[in-house]
Number of protein chains: 2
Amino acid sequence: MGKMGNIIIGQSGGPTAAINASIAGVYAKAKELGVEHVYGMVHGIEGFLEEKLCDMDSYFSDAINLELLKRTPSAFLGSCRYKMPKPQDNEEVYEKIFTLLDKYNIGCMFYAGGNDSMDTVKMLADYAAEHGKKQRFMGVPKTIDNDLPITDHCPGYGSVAKFIATSVKEVMRDNESFGAKKPIVCIVETMGRNAGWIAAAAALAKGEDCQGPDAIYLPEVDFEVDAFLAKVKELASKKSSVIIVVSEGAKLADGRYICELASDDAWVDAFGHKTTSGAAAYLCQLVGKETGLKTRCVEISVLQRAGSHMASLTDINEAFAAGSMAMQAAFDGHTGEMVIFTRDGENPYECGMQTYDIHEIANVEKKIPRDWITEDGLNVNEKFIQYARPLIMGELTPIYVDGLPRHIVMKELYES
Amino acid sequence: MGKMGNIIIGQSGGPTAAINASIAGVYAKAKELGVEHVYGMVHGIEGFLEEKLCDMDSYFSDAINLELLKRTPSAFLGSCRYKMPKPQDNEEVYEKIFTLLDKYNIGCMFYAGGNDSMDTVKMLADYAAEHGKKQRFMGVPKTIDNDLPITDHCPGYGSVAKFIATSVKEVMRDNESFGAKKPIVCIVETMGRNAGWIAAAAALAKGEDCQGPDAIYLPEVDFEVDAFLAKVKELASKKSSVIIVVSEGAKLADGRYICELASDDAWVDAFGHKTTSGAAAYLCQLVGKETGLKTRCVEISVLQRAGSHMASLTDINEAFAAGSMAMQAAFDGHTGEMVIFTRDGENPYECGMQTYDIHEIANVEKKIPRDWITEDGLNVNEKFIQYARPLIMGELTPIYVDGLPRHIVMKELYES
């Protein structure tokens, strides 16, 4: 493996429960293929630009630590939100990166992330091609949003879907226990900015022991305030426990997010920006004011993407496999590509993998197909369930120490 | 067991992850002791007054269903918030209850709940004694708030503590992954109205792999806005990830809850009542406005008490045992008592059980002792950890079906 030299791995964008499994996959395959040094970028490309590296071998020569890594949520290496400049705007950044890659004899960089991260991979691969650089750049998909194109689904999504479906089911149990006398309208807010994949996962709660949410408001369908209130009233006239799920990304026909309807005072941060969440809180206020019904607000917040104790085994295994495949492909000479999943079989579910030209992927968003959404726009149908159910199957039991899931942490993260 | 006749079980107050294990314990012991019919009150004493009963034997003659019951969050029988009137104010209620008890040949009523529920047990036991009624009344403690007196701890607390500590640890991982350039102040809100037991459980997150929260604001210590802001600024000047935990019950010296500081418009419900949560949201707003620091708000909401997928095995086993003991004690002739836990040993932890006069328990609240709180009032010390750690030990693995924890549900709850 002398030809390729060492490798480096970075993580970027919002953390998930599965992104660490992907870097575990890259690491394990790298060692199998004889890569000598595996470096990590501390806080992604932004940290790398300041030469913040960690020696992954010092952590993962012991196999138990790789198991812990698969069970540790968020980004072990630290994350960043860094927008790569175009070479013509700031070539210095590129020169710095390639100088550092040469300095550490790094032949391939792996970057795990979502849309923006794939853009970084694309720009670095293009620059390398244009300037005759030998380094390879591979993308490993990661996003709870599940909105990358081409790939059937994204590592991270299965785990957040399992967390959402479980949490909604548990919240429904709680809500049902009251309400004999007076209905309670519980509004649950999920993440998901432009695509409704996360909110839709709440539909998975439906089963023999659960009626599932009464309505799911998705970004894919225009939100109408009056229709929403009418729906709530109709539901509350029929049942004592009403459960509504709303994506933080649900918006009106004019493009405003629900949370933007709140009074300015309530939802503007220190810099005058509207916050990106608060849809459920606003709708609870509105329902209370307009109908007098008792409401409850549950904003699942970062718990949903950090909840690795509820990770889907399918998701973790696929995330690991995606990392391994990226490493193998780079070893075989690929660059400027991302690993994608293909759906090779249903019943039993079979997931295949390929690598794919990053240019087709970066900066494109995939939404829920309209024909996976019920006609009234207030739920997803069997097509979605068939798609999503296999992704939440199986559990990866945490390793418990002193009653809590044990994680592995990088000391450089605290020192940087 | 003909002497005692049939029994009835009810649940009341806020649901927990362990209250169903208690009724499972009553049920299992009742069958062992030869009780013929075990009835359940649908929606507690309030439903019983309308003769809403369920036949628990129809659900639990199959032992797998008792296992599911131990793993089902919230109140299987439905809950209520019903304040028993005094006999002199409304004797009709008492006559109705005893008429129904006679009608179904019920010799003992078991009521699982917190403070208000124990008050119900007390009033019924007193009425029975004064009027020469043969029925017995036993309390089974249940409250995530852990604020019942006399007992070392309450069933339900260990599970919420495990959920809080795990969630705070996971949120910290997420928060740490960013923040290399700019600190992020994450404020996590827990339940707990007058006692800080739930918020304090966040301190259990501290360990070899976790620094634990930077400060915990408890109801036991007066909250000062200026001191809070100064503390946040100090922390943010030293570290990039700041984690603050705040109990919804934390209040100022003048008695106002933190959420009451928010502008009226934001936190008043349809009936003009201030909502009981929103402390974290308010403090995030405040920190943003006063310091310009980036903030994140995590309100754990009902997820914390409904999260049976993260239940503590110790808690579930003890809740089951408490139910069994209540049944045994009633069988032995006790009435007007609640099961309490005693701490019989540390290292190894040993939990004993007794029954105790309900008059000493009802309407008394237990707070965290001041000497379990650090001198600056911003955390709990080793005494709390030693107390709480054993309560979160062990896990009760959910029974997964189609990728989600399976629950058991009572059909009468949907029909009532």
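Above this text you will find the structure in question.
About the cut-offs
- Residues numbered from 1 in each chain as written.
- Chains lettered and ligands numbered in written order.
- Predicted model: local features only at pLDDT ≥ 70, side-chain atom pairs only at ≥ 80, totals over all residues.
- Heavy atoms only, no water.
- Helix = DSSP H or I, 4+ residues; strand = E, 2+ residues; numbered from the N terminus.
- Rg over C-alpha atoms; globule rule 2.2 N^0.38 Å.
- Buried < 20%, exposed > 50% of the residue type's maximum accessible area, 1.4 Å probe, protein only.
- Contact = heavy atoms within 4.5 Å.
- Pairing = 2+ DSSP bridges.
- Axes fitted to C-alpha atoms, helices over the stretch in contact; angles between N-to-C directions.
- Phe/Tyr/Trp six-rings, centres within 6.5 Å; stacked < 30°, edge-to-face > 60°.
- Lys NZ or Arg CZ within 6 Å of the ring centre and 35° of its normal.
- Salt bridge = Lys/Arg side-chain N within 4 Å of Asp/Glu carboxyl O.
- Expected span 1.5 Å × (residues − 1).
- Buried area = accessible area lost by both parts, 1.4 Å probe.
- Polar contact = N/O pair within 3.5 Å; in protein donor to acceptor, adjacent residues only side chain to side chain.
- Parallel < 35°, antiparallel > 145°, perpendicular 65-115°, else oblique.
- Left-handed = near helix turned anticlockwise from the far one by under 90°.
- Nonpolar A, V, L, I, M, F, W, Y, C, P; charged D, E, K, R; others polar.

S.K.: I'm lost on the overall build of chain A in this one. Help?
M.R.: Assigned secondary structure in chain A consists of 15 helices and 13 strands. Radius of gyration (C-alpha) of chain A: 22 Å, near the 22 Å computed for a compact globule of 416 residues. In terms of its C-alpha atoms, chain A occupies a principal-axis envelope of roughly 70 × 45 × 40 Å. Expressed as a percentage of its 416 residues, the buried residues of chain A come to 64%. Taking all contacts inside chain A whose residues are at least 6 apart in sequence as the whole, residues at least 24 apart take part in 76%.

S.K.: What is the right way to read the sheet that holds strand β6 (residues 184-190) of chain A from this model?
M.R.: Adjacent strands of a sheet form backbone hydrogen bonds with each other and so pair up, either parallel or antiparallel. Residue and element names in this part refer to chain A. Judged by pairing direction, the sheet is parallel, and its four strands sit side by side in the order β7-β8-β6-β9 without closing on themselves. The outermost strands of the open sheet, each flanked by one partner alone, are β7 (215-217) and β9 (294-299). Direction aside, the axes of adjacent strands within the sheet are offset by 20 degrees on average. As paired elements, β6 and strand β8 (residues 241-247) share seven bridges and run parallel to each other. The residue of β8 that forms the bridge with I184 is S241. Packed on one face of the sheet, helix α9 (residues 225-238) meets β6, β7 and β8 and runs near 155 degrees to β8.

S.K.: Got a minute to help me understand the packing of aromatic side chains in this structure?
M.R.: The geometry of an aromatic ring pair is captured by two quantities: the separation of the ring centres and the angle between the planes. Counted under the stated rule, the structure contains 34 aromatic pairs over all chains. On the numbers, 6.0 Å between centres and 40 degrees between planes, the contact of Y59 of chain A with F60 of chain A is tilted. Comparing Y59 of chain A with F60 of chain A, the two get one shared label, buried. A ring pair is formed by Y157 of chain A and W197 of chain A, whose centres lie 6.4 Å apart and whose planes are at 75 degrees; its orientation type is edge-to-face. Separated by 40 residues along the polypeptide, Y157 of chain A in helix α7 (residues 157-177) and W197 of chain A in helix α8 (residues 197-200) bring together distant segments of the chain. Each member of the pair, Y157 of chain A as well as W197 of chain A, carries the same accessibility label: buried. These aromatic residues form a ring-pair network of at least three members: Y157, W197, W372, F384 and Y387 of chain A. The ring centre of F320 of chain A lies 5.1 Å from the NZ or CZ of K70 of chain A, which sits over that ring. We note R193 of chain B situated over the ring of Y257 of chain B; from NZ or CZ to the ring centre the distance is 3.7 Å.

S.K.: Even after reading the chapter, I still don't get the pattern of salt bridges, so can you show me in this structure?
M.R.: Oppositely charged side chains are able to pair whenever their charged atoms sit close together. If you walk through the whole model with that rule in mind, you get 48 salt bridges over all chains. A salt bridge links E234 of chain A to K231 of chain A, with the shortest nitrogen-to-oxygen separation between them at 3.8 Å. With E234 of chain A and K231 of chain A both in helix α9 and three residues apart, the pair spans about one turn of that helix. Judged by relative accessible area, E234 of chain A falls into the partly exposed class, the value being 33%. Among the ionic pairs, R71 of chain B bridges to E67 of chain B, the shortest N-O distance being 2.7 Å.

S.K.: Looking at this structure, how should I read helix α7 (residues 157-177) of chain B?
M.R.: Note that an α-helix has 3.6 residues per turn; residues three or four places apart therefore point the same way. Under the 1.5 Å per step criterion, the end-to-end length of α7 of chain B is 30 Å for 21 residues, consistent within 8% with the ideal 30 Å. A large share of α7 of chain B lies buried, amounting to 21 of its 21 residues.

S.K.: I'm lost on the pairing of strand β5 (residues 136-141) of chain B in this one. Help?
M.R.: The side chains of a regular strand alternate, first on one face of the sheet and then on the other. Residues and elements named next belong to chain B. Burial analysis of β5 places six of its six residues in the buried class, the great majority of the element. Across six bridges, the pairing between strand β4 (residues 106-113) and β5 is parallel. Paired with A112 across the bridge in β5 is V140. Pairing between β5 and strand β10 (residues 337-345): two bridges, direction parallel. Along β10, the bridge assignment pairs G139 with M338.

S.K.: How do you make sense of the side chain of T166 of chain A when you look at a structure like this?
M.R.: With respect to the helices and strands, the residue T166 of chain A is situated in helix α7. Exposure remark for T166 of chain A: the relative accessible area of 1% places this residue in the buried category. Ignoring sequence-local partners within four residues, the contact set of T166 of chain A consists of M310 of chain A together with H309, L404 and P405 of chain B.

S.K.: How should I be thinking about the interface of chain A and chain B in this particular structure?
M.R.: With 71 residues of chain A at the contact, the number on the chain B side is 71 residues. Summed over both partners, the interface of chain A with chain B buries about 6100 Å², with 58% contributed by carbon and sulfur atoms. Our enumeration of links across chain A and chain B arrives at six salt bridges. Here chain A is connected to chain B by 29 residue pairs in polar contact (both at pLDDT 80 or more). Of all the elements in the fold, those that place two or more residues in the side of chain A that touches chain B are α7, α10 (264-267), α11 (279-291), β9, α12 (303-306), β13 (404-405) and α15 (411-415) of chain A. It is α7 of chain A that provides the largest number of residues to the side of chain A that touches chain B, a total of eleven residues.

S.K.: Can you help me understand the packing of helix α1 (residues 19-32) of chain B against helix α13 (residues 313-331) of chain B in this one?
M.R.: In a packed pair of helices, the relevant descriptors are the angle between the two axes and the axis-to-axis distance. Residue and element names in this part refer to chain B. It is at 6 Å that the axes of α1 and α13 come closest, and there the two elements cross at 45 degrees. Classified by the interaxial angle, the pair formed by α1 and α13 is oblique. Seen along the crossing, α1 lies across α13 with a hand that is right-handed. Residue-level contacts link A21, S22, A24, G25, V26, A28, K29 and A30 of α1 to I316, A319, F320, G323, S324, M327 and Q328 of α13. Counted by class, the contact of α1 with α13 contains nine nonpolar, five polar and one charged residues.

S.K.: I'm lost on helix α13 (residues 313-331) of chain A in this one. Help?
M.R.: Residue and element names in this part refer to chain A. A rise of 1.5 Å per residue sets the reference length of α13, with its 19 residues, at 27 Å; its end C-alpha atoms lie 27 Å apart and thus fit the reference within 8%. Of all the positions in α13, only T314, D315, I316, E318, A319, A322, G323, S324, A326, M327, A329 and A330 are classed as buried. The backbone nitrogen of T314 lies 3.3 Å from a side-chain oxygen of the residue at the head of α13, namely S312. After α13 finishes, the residue G333 shows a positive phi value of roughly 105 degrees.

S.K.: Even after reading the chapter, I still don't get unusual backbone geometry, so can you show me in this structure?
M.R.: Among all residues save glycine, negative phi is the norm, and among peptide bonds the norm is trans. Residue and element names in this part refer to chain A. Along the chain, N347 connects to P348 via a cis peptide bond; the corresponding omega equals 0 degrees. Mapped onto the elements, P348 comes out in the loop between β10 (337-345) and β11 (350-357). One non-glycine residue, S74, lies in positive phi territory at about 70 degrees. When you line up the elements, S74 lands in the loop between α4 (63-70) and α5 (91-103). The phi dihedral of D402 falls on the positive side, at around 55 degrees, and the residue is not glycine. Within the secondary structure layout, D402 lies in the loop between β12 (400-401) and β13.

S.K.: Please clarify how the side chain of T190 of chain B should be interpreted in this entry.
M.R.: Residues and elements named next belong to chain B. Take T190: it is sitting in strand β6 (residues 184-190). What makes T190 buried here is its relative accessible area of 1%. A distance of 3.4 Å separates a polar side-chain atom of T190 from the backbone nitrogen of A199. The residues touching T190, leaving out its near neighbours within four places in the chain, are I164, I198, A199, V245, V246, S247, E248 and Q304.

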